[in-house]
Amino acid sequence: MQGCREEAGDREIGLFYSFKYAKYQCRNIMIIKCKKCAHILSETESGYILSVHNENAAGENEDGEICETVAENAEVFIHEDHLPEWVRAEVEESQWTKGKLKCPKCGLKVGSFDFVSGTRCKCALNSVLPSVHFIRSKVDVKS
């Protein structure tokens, strides 16, 4: 943790240090904001942002083919055990079935969830995609 504090010390504001900056740098937080109103939808550790399935860095599946879902890069999947509080409330209100995620501030549809049927990947593996996702064209993702 000492390295984190030293890094935050470089961003001194008056007598106060930006420990919020240090938190993001040390824990590698991904910030997801609504593209319409810039409301912060999620501050999630990057380890809880999921890939479509177990692909290598090039986005190839086990057969060496490029996965169409990975190539589209249209969604940001979030681990269901680490959902933001407002998303968890929406999921619980729907009794863990399926529904849409709307920005709490402006009401723009920013994603959805499906714990019932599950959406399938478009590649040859045809695996079930993670249940909760944000639509990449509706959100800004920063790490």
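Parameters and conventions
- Residues numbered from 1 in each chain as written.
- Predicted model: local features only at pLDDT ≥ 70, side-chain atom pairs only at ≥ 80, totals over all residues.
- Heavy atoms only, no water.
- Pairing = 2+ DSSP bridges.
- Helix = DSSP H or I, 4+ residues; strand = E, 2+ residues; numbered from the N terminus.
- Axes fitted to C-alpha atoms, helices over the stretch in contact; angles between N-to-C directions.
- Phe/Tyr/Trp six-rings, centres within 6.5 Å; stacked < 30°, edge-to-face > 60°.
- Buried < 20%, exposed > 50% of the residue type's maximum accessible area, 1.4 Å probe, protein only.

*Asks:* Got a minute to help me understand the sheet that holds strand β10 (residues 139-142) in this structure?
*Replies:* Hydrogen bonds between backbone atoms are what pair the strands of a sheet, whose relative direction is either parallel or antiparallel. Sheet architecture is open: three strands sit in the order β4-β3-β10, paired in antiparallel fashion. This sheet does not close on itself; its edge strands, each paired only once, are β4 (40-45) and β10. Taken pair by pair, the neighbouring strands of this sheet meet at an average axis angle of 15 degrees, ignoring direction. Where strand β3 (residues 29-34) meets β10, four bridges bridge the pair, whose relative direction is antiparallel. When the bridges of β10 are listed, Ile 32 appears paired with Val 141.

*Asks:* Would you take a moment to explain the packing of aromatic side chains for this structure?
*Replies:* Using the criterion set out here, one finds three aromatic pairs in the structure. On the numbers, 6.4 Å between centres and 40 degrees between planes, the contact of Trp 86 with Phe 134 is tilted. Note that Trp 86 is positioned in helix α4 (residues 85-93) and Phe 134 in strand β9 (residues 132-135), a separation of 48 residues in sequence. Across the pair, exposure class does not vary: Trp 86 and Phe 134 are buried alike. Of the aromatic side chains, those joined through ring pairs into one cluster are Trp 96, Phe 113 and Phe 115.

*Asks:* Please clarify how the pairing of strand β8 (residues 109-114) should be interpreted in this entry.
*Replies:* Regular strands show a simple pattern: their side chains alternate between the two faces of the sheet. Among the six residues of β8, five are classified as buried, and the element is accordingly described as predominantly covered. Relative to β8, strand β7 (residues 98-102) is paired through five bridges, and the arrangement is antiparallel. The residue bridging Lys 100 from the neighbouring strand is Ser 112, located in β8. Sheet analysis places β8 next to β9, joined by three bridges and oriented antiparallel. Its bridge partner being in β9, Phe 113 is matched across the sheet by Val 132.

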